[in-house]
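Residue-level listing of the chains:
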Amino acid sequence: MTDTRNHAIDFVKGICIIFVLITHYAWSSTERLRYLFPFWIEMAVPLFMIISGFVNSKSYVKHGITNLEKAYDLKNISSKIVRYTVPFAIAFFIEEIVCGVLGMIDITVWQAVSSFLSGGFGPGSYYYPILIQFVFWFPIIFVIVKKYDFKGVLICAFINAAFEVLKSAYAMNEECYRLLLFRYTLLIAFGCYLAIGNSKINKKTSFVMVVAGITYIIVFCYLGFTPPVTNYWTGTCIWACLPIMPISIPLLKSEKLKNSAVEFLGKASYDIFLVQMVYYNGADIVYKMVDNRALQLLINIIICVSVGLVFYFVEKPVTKFVAQKLNLSV
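Please read these numbers as outputs of a predicted model, since none were measured by experiment. Numbers given for residues are sequential positions, taken from 1 along each chain in its written order. Only residues with pLDDT of at least 70 get local features here, since the model is predicted, and only at 80 or more are side-chain atom pairs given and counted; chain-wide, interface and lining totals rely on the full set of residues. Heavy atoms throughout the structure, all of them, feed into the side-chain values; hydrogens and water do not.

A few words now on the pattern of salt bridges. Salt bridge, as used here, is a side-chain nitrogen of Lys or Arg placed within 4 Å of a carboxyl oxygen of Asp or Glu. Per the stated rule, a full pass over the model turns up five salt bridges. Across the pair R32 and E42 runs a salt bridge, and its minimum N-O distance is 3.9 Å. Here the residue R32 occupies a position in helix α2 (residues 29-34), and E42 occupies one in the loop between α2 and α3 (44-62), the gap between them amounting to 10 residues. The burial state of R32 is the same as that of E42; both residues are buried. Comment: elements are numbered from the N terminus, with helices defined as DSSP H or I runs of at least four residues and strands as E runs of at least two. Any residue under 20% of the maximum accessible area for its type is buried, any over 50% is exposed, and the rest in between are partly exposed; the area is computed with a 1.4 Å probe on protein chains only.

Have a look at this one:
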């Protein structure tokens with residue numbers, strides 16, 4: 001039987017989750033710039049957004065979801081919410097205990113509810129709220145791209161840019177901004193386009209995107225200028241992510257990116273991500289025991305990956321059990 005699975009998807013996700021573990025180490029701002037993090041390490045989550053758009057578009061096509069009515073089917077929406085929520089709820093419960101023991105928080109009912117809705121405490125804690133928003137925002141992006149092809153991507157780029165402008169006009173604070181999915185609209189749309197688009201992006205367009213993005217990163221990350229609109233999360237804003245979009249094309253469609261170990265990390269990437277959120281709350285304990293920074297980073301990766309893989313096997317049956325009780329599939 002011919003293997004039709006896209007190995008590149010899980011491979012890239014596996015590499016990206018390692019990048020996430022690396023970026024959440026205790027780097028200084030100077031070190032991040034010195035090691036060129038804005039050009040590669042910090043592109044992990046943007047790549048995850050492109051992949052999410054790509055994979056979900058393929059799933060929609062496979063299951064015959066062609067309009068908003070089908071996309072917003074209650075079972076379809078509920079299944080995705082359960083898939084994201086059950087693992088997060090388990091990780092969040094453990095995180096509450098860890099933070100409580102370390103004296104980082106005073107555990108109250110209101111504080112627990114508020115923290116749950118905002119994604120918890122650790123690095124990357126915005127990701128769960130982003131995923132829940134994705135469940136409801138993605139169908140609209142999909143329909144736009146499906147109807148207008150590459151023009152649909154441009155429409156989504158306009159929506160993304162308009163969000164940045166409105167954010168600045170209404171003085172939205174950074175904490176609110178980080179929790180909103182709209183800042184990733186263009187990336188998700190681009191993932192959709194790679195999955196279902198009818199036309200191809202020419203080399204000239206790709207070149208312009210790469211040059212424009214690199215120029216933005218150099219000017220606003222390295223030369224110290226403050227961008228007039230995209231002043232939050234400058235390194236992963238709509239303009240900074242332009243280079244990774246054309247680069248993602250050969251990555252996601254490659255037939256050579258195959259490695260069972262890396263692909264397995266990709267499959268368990270969400271679980272590893274949740275584990276690192278909990279782990280980094282208490283990583284200072286490791287840093288006090290080990291002086292060597294390279295060894296500290298290696299220990300972080302080993303612990304998060306190992307525990308994350310265990311968590312992957314533990315939460316899968318739990319999530320499936322909850323889904324079955326609700327008469328859902330995950």
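Here the narrative resumes.
Turning our eyes to something else, we now look at the environment of H7. If you trace the backbone, H7 turns up in helix α1 (residues 7-23). Take H7: its relative accessible area is 12%, and that puts it in the buried class. Distance from H7 to G64, taken between C-alpha atoms, is 23 Å for residues 57 residues apart in sequence. Not counting residues up to four positions away in its chain, the partners in contact with H7 are L257, K258 and E263. Every residue pair with non-hydrogen atoms within 4.5 Å of one another is taken to be in contact.

Each Phe, Tyr or Trp ring (for Trp, its six-membered ring) is paired with any other whose centre lies within 6.5 Å, and the angle between the two planes then decides the class: stacked below 30 degrees, edge-to-face above 60, tilted in between. Evaluation of the coordinates by the stated rule reveals 33 aromatic pairs. Look at F39 and Y222: their rings are 5.9 Å apart centre to centre, the planes differ by 25 degrees, and that puts the pair in the stacked class. On the criterion of sequence distance, the pair formed by F39 in the loop between α2 and α3 and Y222 in helix α11 (residues 203-222) is long-range, its members being 183 residues apart. Classification of Y222 as partly exposed rests on a relative accessible area of 28%. Taken together, the aromatic side chains of F19, Y25, W27, Y35, F37, W40 and Y287 make up a single cluster linked through ring pairs. The criterion for a charge sitting over a ring is simple: Lys NZ or Arg CZ within 6 Å of the ring centre, and within 35 degrees of the ring normal. Residue placement shows R34 over the ring face of Y35; its charged tip is 5.6 Å from the ring centre. Sitting over the face of the ring of Y232, K167 holds its NZ or CZ atom 4.8 Å from the ring centroid.

Next up on the list: the packing of α3 against helix α10 (residues 185-196). Axes are the key here: two packed helices are described by the angle between their axes and the distance separating the axes. Where helices are involved, their axes are fitted lines through C-alpha atoms of the stretch in contact, as for all axes, and angles between N-to-C directions lie from 0 to 180°. Their axes nearest at 7 Å, the elements α3 and α10 cross at an angle of 45 degrees. What the angle tells us is that α3 and α10 run oblique. As α3 packs across α10, the resulting crossing turns out to be right-handed. Contacts between α3 and α10 involve P46, M49, I50, G53, F54, S57, K58 and V61 from the first element and L187, I188, F190, G191, C192, L194, A195 and I196 from the second. Roughly parallel means an angle under 35 degrees; roughly antiparallel means over 145; roughly perpendicular covers 65 to 115; every other angle is labelled oblique. Handedness of a helix crossing follows the sense of rotation of the near helix relative to the far helix, less than a right angle counterclockwise being left-handed and clockwise being right-handed.

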